[in-house]
Each structure stands twice: as C-alpha cells, then as structure tokens.
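Coordinate analysis (summary)
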Amino acid sequence: MYTVNNQQLDPMTLTTNNGQINLPGQGQVQVDGQIIRISYHKLNYDLFGNWPFAIGQVLNASYSEPNVYLSNQSATAIYNYPGP
C-alpha cells in the first residue's frame, strides 16, 4: 500500500493493475500496487523505467512540463506522455 499526495490543484487518475483511483487536487489516496499510468488534464502519462518505491512509502504527485512525477526523499518515478 502506498499513500499518494497530489501537489497539483487539479485532479489526477492513477491506474494500477487493480484498476483506477481518483486523486483529488491537493488530495490524498491510498493505492494498492504499482502505478503504471497517470491521467492528468485528459492526457495519459505512462511510467518510464522501473517502479522505484518499496511498499508503504508516501509519494508526492506533481506535474512539470512535459512529465508527471511521483517522488519522495529517496526516489522519483517519471511518467511520460507518449503522444497521440
């Protein structure tokens, strides 16, 4: 289980192998499993590289053009928009 905090004002949708979770703007959710895709502003951002987080960590979701990021003090996962 992971705790994810949204640092943005706008909501995100997190996709895991178990389904989708809505993450409100500046909200917090519990996620069971690795996040493989993040939808933000109607675009889908796919995980680039490997999932770097151990179970139980708290993650911060943020956007900085052109990517969405999940990060904490020890690691960062990059989510990249692959284009239309």
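Residues numbered from 1 in each chain as written. Predicted model: local features only at pLDDT ≥ 70, side-chain atom pairs only at ≥ 80, totals over all residues. Heavy atoms only, no water.

The alternating pattern of strand 9 (residues 76–80) places Ala77 and Tyr79 on a buried face and Thr76, Ile78 and Asn80 on a face that is not buried. Pairing of strand 6 (residues 43–48) with strand 9 involves three bridges; the strand directions are antiparallel. Within strand 9, the residue paired with Asp46 across the bridge is Asn80. Bridge count for strand 8 (residues 67–71) against strand 9 is five bridges, and the pairing is antiparallel. (Buried < 20%, exposed > 50% of the residue type's maximum accessible area, 1.4 Å probe, protein only. Helix = DSSP H or I, 4+ residues; strand = E, 2+ residues; numbered from the N terminus. Pairing = 2+ DSSP bridges.)

A separate point is unusual backbone geometry. Here the amide bond leading from Glu65 into Pro66 is cis, since omega sits at 10°, within 30 degrees of zero. Relative to the elements of secondary structure, Pro66 occurs in the loop between strand 7 (58–64) and strand 8. In this structure, Lys42 is a non-glycine residue whose phi angle is positive, near 65°. Checked against the element boundaries, Lys42 lands in the loop between strand 5 (35–40) and strand 6.

If you walk through the whole model with that rule in mind, you get five aromatic pairs. Ring geometry for Tyr2 and Trp51: centres 5.3 Å apart, planes at 80°, overall edge-to-face. With Tyr2 in strand 1 (residues 2–6) and Trp51 in the loop between strand 6 and strand 7, this pair connects stretches of sequence that are 49 residues apart. Given the relative accessible area of 4%, Tyr2 is considered buried. Relative accessible area serves as the criterion here: at 13%, Trp51 is assigned to the buried category. Geometrically, the ring pair formed by Tyr45 and Tyr63 is edge-to-face, given 6.3 Å between the ring centres and 70° between the ring planes. Of this pair, Tyr45 sits in strand 6 while Tyr63 sits in strand 7, placing them 18 residues apart in sequence. On the basis of relative accessibility, which here comes to 28%, the residue Tyr63 falls in the partly exposed class. Connected via pairs of aromatic rings, a cluster forms that spans Tyr40, Tyr45, Tyr63 and Tyr81. (Phe/Tyr/Trp six-rings, centres within 6.5 Å; stacked < 30°, edge-to-face > 60°.)

With that settled, the discussion passes to the sheet that holds strand 1. If you walk across this open sheet you meet the nine strands as 3-2-5-6-9-8-7-1-4, and the pairing is mixed. Only two strands of the sheet have a single neighbouring strand rather than two, namely strand 3 (19–23) and strand 4 (28–31). With strand direction ignored, the average angle separating the axes of adjacent strands in the sheet is 25°. (Axes fitted to C-alpha atoms, helices over the stretch in contact; angles between N-to-C directions.)

Moving on, we get to the pairing of strand 1. Taken residue by residue, a regular strand's side chains alternate between the two faces of the sheet. Counted residue by residue, strand 1 has five buried out of five residues, so it is predominantly covered. Burial along strand 1 is two-sided: Tyr2, Val4 and Asn6 facing one way and Thr3 and Asn5 facing the other are all buried. Judged from the four bridges that link them, strand 1 and strand 4 form a sheet pairing that is antiparallel. Its bridge partner lying in strand 4, Asn5 is registered against Gln28. For strand 1 and strand 7, the ladder comprises four bridges, and the chain directions are parallel. Its bridge partner lying in strand 7, Thr3 is registered against Val58.

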